[in-house]
Amino acid sequence: MEGHGPAAPSAPPRPRRTQRFEAALGVETVDRKALAELAWCGVPAELSRCEVWQLLLGYRPLTRERRSDALARKREEYWELRRTLYEASRAVAAAAPAGSGEPPARGHTGRDSEDVLLRQIRKDLPRTKLRAGPSEALSAVVRDERVQGLMERVLFVWAVRQPACSYVQGLNDVLLPLLLVLLADRRARPEGTADVALLAVLGEEELAEVEADCYWCVTKILSEIFDHYTHGQPGIQRMGHRLSEVIRRIDAPLARHLESQGVDLLHTAFRWTTCLMVRELPLGCCVRLWDTLIAESALASGTQRGAAGDDCGSPGFEALLVYFCACLAVYFSPRLREMDFEVMTLFLQKLPTGGFGEHEVEVLLGEAYVLKQLFQESPSHLQPEGAVGSGLPRPGA
Amino acid sequence: MAADDAYDHLYKIVLVGDATVGKTHLLSRYIKGDLPRAPTATIGVEFATRTVPLAVGGTVKAQIWDTAGQERYRAITSAHYRRAVGALLVYDVTKSSTFSNCAKWMEELRQNAEPDIVIMLVGNKFDLAEKNPSDRQVYYDAAAEFARQNGLFFAEASAVTAYNVKHVFEHLLQEIYNQSSKGRGREDSAQSPSGITVGERGGQKQGCDSNAC
């Protein structure tokens, strides 16, 4: 695999990057850091993004011989959770099967919250939407009854196991990129090409495995950004403040314009950060962005994750995502600076990113990377003039 | 949505109420004359605007903030109540819990919005109750009584059939105008019989609880 292996006579040679990926994946024990470095620049279409993400997220063991046992054990573990928390839930038992009406409004002590939980998830799932752009086929996958049921159980089990957070609207969106990547991988297809025909050939067992994998992967991601979704959403507030601060440093005219018009990015960009860009970018762009965010976290986990690791949030889904959001806002800066409060607010809540491709995302990621380096080397760049209270709202405007 | 339309007043309005009572649908019906093409749960806040002529008082531009109904988003959404002069407090006529929570929502508004905020209570999904009366969980009289006790305006509406949608928004805007012109003592505009604002009547929530459900 090393270097330029002899290419198959008829097929064109694999691109260099793909070869390096294959080499990194082909070893007995994967070097997570080396893989993360490669994945930072995107996972090539020829490779299994699912496998790469799972390795980087720390779900799939790095050592090959441990893999099948470990995955089998984790899947069993999830199915057990599903039995005890979902299937045995009085709320679920009392409700008609997914998709046909709502659970009853009242129940016994302590179980009411599960009724409410189930009802909310069932309200939100049918209206989980991909950002305009992907094919109708992909939307049909999301609407598919079996997929809806799968998402319901994953979200329900996660919520019950995380009472400090529970289900928050928008987590259904967060689940989408993972789910579509995992699903398509079952037939070695790129995530954008999943369709109902693919679902039709997936047996219950295979789907149950996807469900378990999906659960553990989303759990990994959310554990890094847990306080984005807890009471008062401190993590999201932190990101909003940092975002404003970064923009002030890199695009002062835009920052001044936003301020003069009374536009507060904490609020306008709230959905960007809460849904991890799923609502703002077409699926292909979103998974490309996630390649980098997942890789960024994996890189950091090798190095300084330790005693103090927790309070600075996720290196990928928080720190780097802030820089990405800043670059996205700055990308539109010339247009934004021509807009008044109203036009700008409407513009920001419906960004014209529907036509974005991987190229645009990669350009923005490149800029985000530069910013990260810049601010990391001189942290005082990010020091706001006033004290930066960690506390609740009352942001600038 | 053109920036050049002229107006006499600019009012900030918020749409509040439990998740999935139909706030976004009401707004879409009012602004676009249609239901959202791809309905999704509102995350945080969403903004829309419309300029309308009042029956009395000229033209008003309404800046309307549609808020996420889920409890978790309260920290973000309540920051938007600031300087709001009007609110549509929405519940679902087919779900009693969404009505009993209205007392809580009023408390939120009182704490965060302008003290003399004008509130319109809206029982949405009237079409469902009409189609199948046994689905109705909140009776008109109970809601009207709750509104009367708390100084709210009240109507039932349906975003799906458009029933009363224009009315609830524009009645609210008119009342805000009436209220503010009265406050400034500029004119004695015709007062609605129930034109009482919530802020002046602080501690009435015991009364509402008994009516809820």
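Structural data are supplied above this passage.
Everything in this summary refers to the structure shown in the same document. (Residues numbered from 1 in each chain as written. Chains lettered and ligands numbered in written order. Predicted model: local features only at pLDDT ≥ 70, side-chain atom pairs only at ≥ 80, totals over all residues.)

**A closer look at the overall build of chain A**
So, point 1. Each helix and strand counted, chain A has 20 helices and zero strands in total.
So, point 2. A buried classification covers 43% of the 397 residues belonging to chain A.
So, point 3. The contacts of chain A with a sequence gap of at least 6 include a subset with a gap of at least 24, amounting to 72%. (Helix = DSSP H or I, 4+ residues; strand = E, 2+ residues; numbered from the N terminus. Buried ≥ 20, exposed ≤ 12 C-beta atoms within 10 Å, placed from the backbone. Contact = placed C-beta atoms within 7 Å.)

**Concerning the sheet that holds strand β1 (residues 9–16) of chain B**
For sheets, the rule is that strands pair by backbone hydrogen bonds, running either parallel or antiparallel.
All names here are of chain B.
So, point 1. The strand order across the open sheet formed by six strands is β2-β3-β1-β4-β5-β6, and the pairing between neighbours is mixed. Only two strands of the sheet have a single partner each, and these edge strands are β2 (45–53) and β6 (153–156). When the angles between neighbouring strand axes are averaged without regard to direction, this sheet yields 20°. (Pairing = 2+ DSSP bridges. Axes fitted to C-alpha atoms, helices over the stretch in contact; angles between N-to-C directions.)

**A few points about the interface of chain B and chain A**
So, point 1. Facing the 21 residues of chain B at the interface are 25 residues of chain A.
So, point 2. Looking at the side of chain B that touches chain A, the elements with two or more residues in it are β2 and α2 (74–78) of chain B.
So, point 3. Counting residues per element, the side of chain B that touches chain A draws most heavily on β2 of chain B, at four residues.
So, point 4. For the side of chain B that touches chain A, the class distribution of residues is 13 nonpolar, six polar and two charged. (Nonpolar A, V, L, I, M, F, W, Y, C, P; charged D, E, K, R; others polar.)

**Quick look at helix α11 (residues 204–224) of chain A**
So, point 1. The end-to-end C-alpha separation of α11 of chain A is 31 Å, in line with the 30 Å expected for 21 residues at 1.5 Å each.
So, point 2. Turning to α11 of chain A, its buried residues number three or more, namely V210, E211, A212, D213, C214, Y215, C217, V218, I221, L222 and E224 of chain A. (Expected span 1.5 Å × (residues − 1).)

**Details of the packing of helix α6 (residues 112–124) of chain A against helix α8 (residues 145–161) of chain A**
Packed helices, taken two at a time, are described by their axes: the angle between them and the distance between them.
Residues and elements named next belong to chain A.
So, point 1. Following both chains from N to C, one finds α6 and α8 inclined at 145°, their axes separated by 10 Å at the closest point. Here the hand of the crossing between α6 and α8 comes out right-handed. On the side of α6, the interface is formed by L117, L118, I121 and R122, while α8 contributes E152, L155, F156 and A159.
So, point 2. For the contact of α6 with α8, the class distribution of residues is six nonpolar, no polar and two charged. (Left-handed = near helix turned anticlockwise from the far one by under 90°.)

**Structural notes on the packing of helix α9 (residues 171–185) of chain A against α11 of chain A**
Residues and elements named next belong to chain A.
So, point 1. Viewed as axis vectors pointing N to C, α9 and α11 meet at an angle of 140°, and their least axial separation amounts to 10 Å. In terms of orientation, α9 lies oblique with respect to α11. Crossing geometry of α9 relative to α11 is assigned as right-handed. Touching V174, L175, L178, L179, L182 and L183 of α9 are V210, D213, C214, C217 and V218, all from α11. (Parallel < 35°, antiparallel > 145°, perpendicular 65-115°, else oblique.)

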